[in-house]
Amino acid sequence: MNPRSWLRSSAARLTLTYSVVVLLLVVALQGTVWLLTRNALENEVRRVMTAELDKLAQDYAQGGVGELYYVLRSRSDSWGRTGAVYLLADSALVPMVGNLSAWPRDVQPVHDSEVRFRIAAAGEMTTHPVRAHVVMLSGGHWLLVGTDTSEMERALRRFGWASMWGVIAITVLIVLLGRWFAAQTTRRVREFSDTCDAIVHSDLSRRLEISGKGDEFDQLGRTVNDMLARLEQQAVLLRTTYGSIAHDLRTPLYRLRVRMEEALRKAALPPEGQEIVQPALQELDRVQRTLATLLEIARAESGSPMADGERVDLAQLVREMHELYQPAMQEQGLELVLSCDGEAVLTGKRQLLAQLIANLLENALKHARGGTRVEVSLQGDARAVTLAISDNGPGMQPGTPSGSGLGLNLVRAIAKLHRGEVALHDNSPGLRVECRFERPQQASA
């Protein structure tokens, strides 16, 4: 499937919409979990520092600075074991005891404040993040108690990277599943479309395939199949009705014509009677032609002739019709010009296509009087075949005799049967009739 055509499908747009919503929810969930985890770890660090400060405050209350000095001296190696940081300094910030060699340069001595800084452990080149609490003792001494937060930050970074890769994995999975879902939906829609196209242009007896899953496609397929069954019944009824009409009218019309011709051949028929019978015979011929045209339209609209369609070289057929009608055009003082370009092979009925071309040429003969030129052009490419017949006559002006109008209706019916459409254009001067036949397009993978 072409990526652009995939993105244009409603299934793809719906899938992308849901994918974006799901991804936003996943990102929001992961971000919330990360924030909650970070807050929990920071609260735990704060709780540990508060507990340690409370214990040291008790020691200070019992023995003053001396007792505090003794306690901190015993914990001077806690950095390596627990990551704890201690420092007792005098009023000038000169270290007295602890596992820090100097007061941190980035830390301002503010009573009851929480600070952050980085220190290097003994024997290490890298620095460690420290989070500490600073208090001022009654004698002007400063006490700093903190803890190494490198493990916490490392855990948060790992959690962040894991969340990011999780989001990427979910994104890839959603895209793949969405592409698969869109492809399946597009495939079912294309199958329905191809079947409906075949039904419209060839065989009303075909039906949409029902998978048996009971999904919305099966429901749609059953509804469309019921509609097609009714249309087929109506088409059969239409063909039967027209067949009955033809059977009921042809015989009486034939008998009437025979009797009228016999009346004309009788020598005793006065001239007044001949003047009445001769126009009546012409009208009877017109009625018979109209009846035949109606039967052709009904057969073309029913779709039955295309059940056994064949490959027709429209260019060759146009050349034959050009040769056939050229003498009649010359008698009317018209130059019949032919222009063929490109491949023009259709699948259909050669007899019906010949009838289409003949009707268009007859129409040009009828309406191009006063003109000098009739042009038949045929152009074909990979997508469509266009047949155009144009003249430089007066065109179809209001009041111009147009007969019963069934000839053009028959042209439209035959064109529709062959995946085509008919359009009339002003040729300035004259009329241009275009028949455009669409070629079936191969589905892109």
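Below is a summary of the structure that appears in this document. Just so we're clear, the structure is a prediction, and the values are computed from it rather than from any experiment. Within each chain, residue numbers correspond to sequence positions counted from 1 in written order. Local features are withheld for residues below a pLDDT of 70 in this predicted model, meaning they are given only at 70 or higher, and side-chain atom pairs are given and counted only at 80 or more; totals for whole chains, interfaces and linings count all residues. The side-chain numbers reported here are obtained from all heavy atoms of the structure, hydrogens and water having been left aside.

Here we come to the overall build of the chain. For helices the rule is a DSSP run of H or I covering at least 4 residues; for strands it is a run of E covering at least 2, with both sets numbered from the N terminus onward. From N to C terminus, the chain includes nine helices and twelve strands. Expressed as a percentage of the 445 residues in the chain, the buried residues total 36%. The long-range share in the chain, meaning contacts at least 24 apart out of those at least 6 apart in sequence, stands at 64%. For the chain, the exposed surface amounts to about 26,600 Å²; the carbon and sulfur share of it is 55%. Residue exposure (1.4 Å probe, protein chains only): buried if accessible area is under 20% of the type maximum, exposed if over 50%, otherwise partly exposed. Residues count as neighbours in contact if any of their non-hydrogen atoms are within 4.5 Å of one another. Note on areas: Shrake-Rupley with a 1.4 Å probe; residue coverage comes only from the protein chains shown.

Any carboxyl oxygen of Asp or Glu within 4 Å of a side-chain nitrogen of Lys or Arg constitutes a salt bridge here. Evaluated as defined, the whole model comprises eleven salt bridges. The partner of Arg436 in a salt bridge is Glu438, with the nearest N and O atoms 2.9 Å apart. The class for Arg436 is partly exposed, based on a relative accessible area of 35%. Overall, Glu438 belongs to the partly exposed group, its relative accessible area being 34%. Each of Arg46, Glu114 and Arg131 takes part in one network of salt bridges that share partners.

As a further point, take the sheet that holds strand β11 (residues 420-426). Paired strands are those between which DSSP finds at least two bridges. On the basis of which strands lie adjacent, the open sheet formed by five strands has the order β7-β9-β10-β12-β11 and mixed pairing. The outermost strands of the open sheet, each flanked by one partner alone, are β7 (335-341) and β11. For this sheet, the mean inter-axis angle between neighbouring strands, taken without regard to orientation, is 10 degrees. Of the pairings in the sheet, the one linking β11 to strand β12 (residues 431-438) comprises seven bridges and is antiparallel in character. By the bridge assignment for β12, Leu424 is matched with Val433. Axes here refer to lines fitted to C-alpha atoms; in helices the fit is confined to the stretch in contact. Angles between the N-to-C directions go from 0 to 180 degrees. Across the face of the sheet, helix α7 (residues 314-331) comes into contact with β7, β9 (373-380), β10 (384-391) and β12 while running at roughly 170 degrees to β7. Those strands touched by helix α8 (residues 350-367) are β7, β9, β10 and β12, and its axis lies near 25 degrees from that of β10.

Each patch is built from salt-bridge-free residues with over 30% relative accessible area, joining like charges within 9 Å and nonpolar side chains (Val, Leu, Ile, Met, Phe, Trp, Tyr) within 5 Å. Positive residues here are Lys and Arg, negative ones are Asp and Glu, while His and the chain termini are left out of the count. Note on charges: their place is set at NZ of Lys, CZ of Arg, CG of Asp or CD of Glu. Judged by side-chain charge, Arg286, Arg289, Lys366 and Arg369 come together as a positively charged surface patch. Following the sequence through the fold, Arg369 ends up in the loop between α8 and β9. Overall, Arg369 belongs to the exposed group, its relative accessible area being 57%.

Ranked by internal contacts, the top residues of the largest apolar core, which has 39 residues, are Leu314, Leu356, Ile357, Leu361, Leu387 and Phe437. When contributions to this core are tallied by element, the ones reaching two or more residues are α7, α8, β9, β10, α9 (406-417) and β12. When residues of this core are assigned to their parent elements, the largest contribution, ten residues, is made by α8. Contacts of Leu356, omitting those with residues within four sequence positions, involve Leu387, Val411, Ile414, Ala415, Cys435 and Phe437. For this analysis, a nonpolar core means a set of buried residues of the types Ala, Val, Leu, Ile, Met, Phe, Trp, Tyr and Cys, connected via side-chain atoms within 4.5 Å.

Together, Trp161, Met164, Trp165, Ile168, Val172 and Leu176 give the surface a local cluster of nonpolar side chains, amounting to about 640 Å² of exposed area. In this structure, Trp161 sits in helix α4 (residues 150-201). Given a relative accessible area of 51%, Trp161 falls into the exposed group.

Once that is clear, we can look at the pairing of strand β3 (residues 113-120). Of the two faces of β3, only one is covered, namely that formed by Ser113, Val115, Phe117 and Ile119; the face formed by Glu114, Arg116, Arg118 and Ala120 stays uncovered. With eight bridges joining them, β3 and strand β4 (residues 127-136) adopt antiparallel strand pairing. Its bridge partner lying in β4, Ala120 is registered against Thr127.

Bringing α8 into the picture now. Compared with an ideal rise of 1.5 Å per residue, which puts 18 residues at 26 Å, α8 spans 26 Å between its outermost C-alpha atoms and is within 8% of the ideal. Buried residues of α8: Leu352, Leu353, Ala354, Leu356, Ile357, Ala358, Asn359, Leu360, Leu361, Ala364, Leu365 and His367, and no others. Helices are assigned an expected span. That span is 1.5 Å times one less than the residue count.

Moving on: the side chain of Asp391. On the secondary structure map, Asp391 appears in strand β10. Other than its neighbours up to four places away in sequence, Asp391 contacts Ala368, Arg373, Val374, Asn427, Pro429, Gly430 and Leu431.

Take the sheet that holds strand β5 (residues 142-148) next. What the five strands build is an open sheet, ordered β2-β1-β5-β4-β3; its pairing is antiparallel. In the strand order of this sheet, the two ends are held by β2 (95-98) and β3, each with one partner. If you compare each strand with its neighbour and ignore which way they point, the axes differ by 25 degrees on average. Summarising the sheet, strand β1 (residues 84-89) and β2 pair through three bridges and their orientation is antiparallel. Across the sheet, Ala89 pairs through a bridge with Pro95, a residue of β2.

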